[in-house]
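Given next are the chains, with one letter for each unit.
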Amino acid sequence: MTDSARRIVLASRPVGEPKPSDFRLEVFPVPQPGPGQMLLKTKWLSLDPYMRGRMSDAPSYAKPVGIDEVMEAGTVSEVVASNSDKFAKGDIVLSRAGWQTHALSDGSGLRKLDPKLAPVSTALGVLGMPGMTAYTGLLEIGKPQAGETVVVSAASGAVGAVVGQIARIKGARAVGIAGGAEKCKYVKGELGFDECVDHRDPALAETLKAACPKGIDVYFENVSGAVWDAVFPLLNPFARIPVCGLIAQYSATEAPDMKYKTSQIFRAVLTKRLTIRGFIVSDFWGRFDDFIRDVPQWIKDGRIKYREDIADGLENAPAAFMGMLKGKNFGKQLVRIAE
Ligand SMILES: NC(=O)c1ccc[n+]([C@@H]2O[C@H](COP(=O)([O-])OP(=O)(O)OC[C@H]3O[C@@H](n4cnc5c(N)ncnc54)[C@H](OP(=O)(O)O)[C@@H]3O)[C@@H](O)[C@H]2O)c1
């Protein structure tokens, strides 16, 4: 066991895009577990867009990370010492240890992982919170029907990739929106979406319209901004819009300049009888057993593919996180802390 541990704390609240000085790397002594406690060593750290929200103290559904506190995160960790009867030394667990190499835990909220069932990193991606977000948001709110058109933004990412592939499994037509030709090629060629359009294309409204000749029945919103402006006129009567994320707005310092105003959106909600519903994955934890039955089976059957984008070393977490907010990640963004 090493004597010193490392952690990344929130040094300052970002104004606009986060910058390196908003984070601080600290070295601290490896903590010793007390009675009933365990020492966890982080193997994999998950980087997720919601962390931008935790860096801000604006009112939200979850409390912010405090200044000088460890950045919050899901991790896959190894139990390296245990005074608990719940988990033994050597167990691999899904935890919320945050951006640090070591953490103490009393076992609450931990889930033991079986490395024989799937690579343990997937517990942070396709078989974890992002996969569950895609599964529940699409099936509980989007309710795709065979033959319908499902559009998803951030389509090559951790959530979006799963949304489109489940839409296909349910017999719908899946259209992705992603940043750049390489991501679009992957979404169509590897993930099997029917179409994928590039949101950086200035003609996005026209390319999306051509990709959705029968309009849009389900729009899984991950982005907002110009992407929503292109989607909105194409929505069919009775379309469902699970509002999962608004990443184009997370670092905005003023209200985004969007084409359609509230009055136009409300008019369409009424006349087209649209369902627009926001959700947080925790609203649907009750469906975890269904998720963990279906998605591993779909992966085994080759019907769901996934991709991980791996940064190496805790010190590289801030850069990987800042890159992810700008679309530099290609697949679920992880940081490998220790093998
Ligand atoms: N409601 C919930 O409980 C819940 C849970 C998990 C995630 N989410 C949300 O789901 C969304 C996707 O999360 P994820 O973990 O799967 O991340 P991800 O898609 O793997 O990574 C984020 C992606 O967002 C896209 N993006 C960033 N800025 C953009 C912009 N201005 N316009 C268009 N696209 C932009 C980039 O993809 P491109 O290169 O394709 O632009 C980037 O790769 C986020 O909004 C996140 O907050 C919500």
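Asks: Hey, could you go over the site of the ligand for me, with residue numbers and the actual values?
Replies: Around the ligand, a shell composed of 27 residues is seen, among which Lys183, His199, Tyr250, Val281 and Asn329 lie nearest. Between the ligand and Ala158, the relevant distance is 3.1 Å, taken from an oxygen atom to a main-chain nitrogen or oxygen of the residue. Look at the ligand: alone it shows 910 Å² of surface, and the protein chains cover 91% of it. Across the shell around the ligand, the residue classes tally to 17 nonpolar, nine polar and one charged.

Asks: Could you give me a rundown of the packing of aromatic side chains, with the residues and numbers involved?
Replies: One pass over the full model with this rule turns up 12 aromatic pairs. Taking the centre distance of 6.2 Å and the plane angle of 75 degrees together, the rings of Phe220 and Phe279 count as edge-to-face. With Phe220 in strand E11 (residues 216-220) and Phe279 in the loop between strand E13 (275-278) and helix H8 (288-300), this pair connects stretches of sequence that are 59 residues apart. Overall, the relative accessible area of 5% leaves Phe279 in the buried class. Aromatic pair Trp228 and Phe232: ring centres 5.4 Å apart, planes at 40 degrees, arrangement tilted. A residue is classified by how much of its surface remains accessible, and Trp228, at 7% relative accessible area, is buried.

Asks: Kindly report on the pattern of salt bridges, identifying the contributing residues and their values.
Replies: Oppositely charged side chains may form a pair once their charged atoms are brought near each other. Tallied over the full model, the rule gives 18 salt bridges. A salt bridge links Arg293 to Asp294; the shortest N-O distance between them is 3.1 Å. A relative accessible area of 17% means that Asp294 is categorised as buried. The closest approach of N and O atoms between Asp312 and Arg336, which form a salt bridge, is 2.8 Å. You can see Asp312 sitting in strand E14 (residues 308-312) and its partner Arg336 sitting in strand E15 (residues 332-336), a full 24 residues away along the chain. Owing to a relative accessible area of 42%, Asp312 belongs among the partly exposed residues under this scheme. Classification of Arg336 by relative accessible area gives partly exposed; the value is 24%. When salt bridges with common partners are traced through the structure, they connect Glu140, Arg287, Asp290, Arg293 and Asp294 into a single cluster.

Asks: Hey, could you go over the packing of helix H2 (residues 129-142) against helix H3 (residues 158-169) for me, with residue numbers and the actual values?
Replies: Close contact between H2 and H3 brings their axes to 8 Å; oriented N to C, the two are set at 45 degrees. The angle between the axes of H2 and H3 places the two elements in the oblique class. H2 and H3 meet at a crossing whose hand is right-handed. Across from Pro130, Gly131, Thr133, Ala134, Tyr135, Leu138 and Leu139 in H2, the residues of H3 making contact are Ala158, Val159, Val162, Val163, Ile166 and Ala167.

Asks: Run through the nonpolar core, naming residues and quoting values.
Replies: Grouped together as the largest cluster of nonpolar side chains are 39 residues, with contacts concentrated most on Leu138, Ile166, Val295 and Ile304. Those elements that provide at least two residues to this core are H2, strand E8 (149-153), H3, strand E9 (173-178), helix H4 (181-189), E11 and H8. Sort the elements by how many residues they give to this core and H3 lands first, with seven residues. When near neighbours in sequence (up to four residues on either side) are disregarded, Ile166 contacts Tyr135, Leu138, Leu139, Trp298 and Ile304. Residues Ala211, Val227, Leu234 and Ile241 belong to the second largest nonpolar core, which totals 25 residues.

Conventions and cut-offs
- Residues numbered from 1 in each chain as written.
- Predicted model: local features only at pLDDT ≥ 70, side-chain atom pairs only at ≥ 80, totals over all residues.
- Heavy atoms only, no water.
- Near = heavy atom within 4 Å.
- Polar contact = N/O pair within 3.5 Å; in protein donor to acceptor, adjacent residues only side chain to side chain.
- Areas by Shrake-Rupley, 256 points an atom, 1.4 Å probe, with all protein chains shown as cover.
- Nonpolar A, V, L, I, M, F, W, Y, C, P; charged D, E, K, R; others polar.
- Phe/Tyr/Trp six-rings, centres within 6.5 Å; stacked < 30°, edge-to-face > 60°.
- Helix = DSSP H or I, 4+ residues; strand = E, 2+ residues; numbered from the N terminus.
- Buried < 20%, exposed > 50% of the residue type's maximum accessible area, 1.4 Å probe, protein only.
- Salt bridge = Lys/Arg side-chain N within 4 Å of Asp/Glu carboxyl O.
- Axes fitted to C-alpha atoms, helices over the stretch in contact; angles between N-to-C directions.
- Parallel < 35°, antiparallel > 145°, perpendicular 65-115°, else oblique.
- Left-handed = near helix turned anticlockwise from the far one by under 90°.
- Contact = heavy atoms within 4.5 Å.
- Core = buried A, V, L, I, M, F, W, Y, C linked by side-chain atoms within 4.5 Å.

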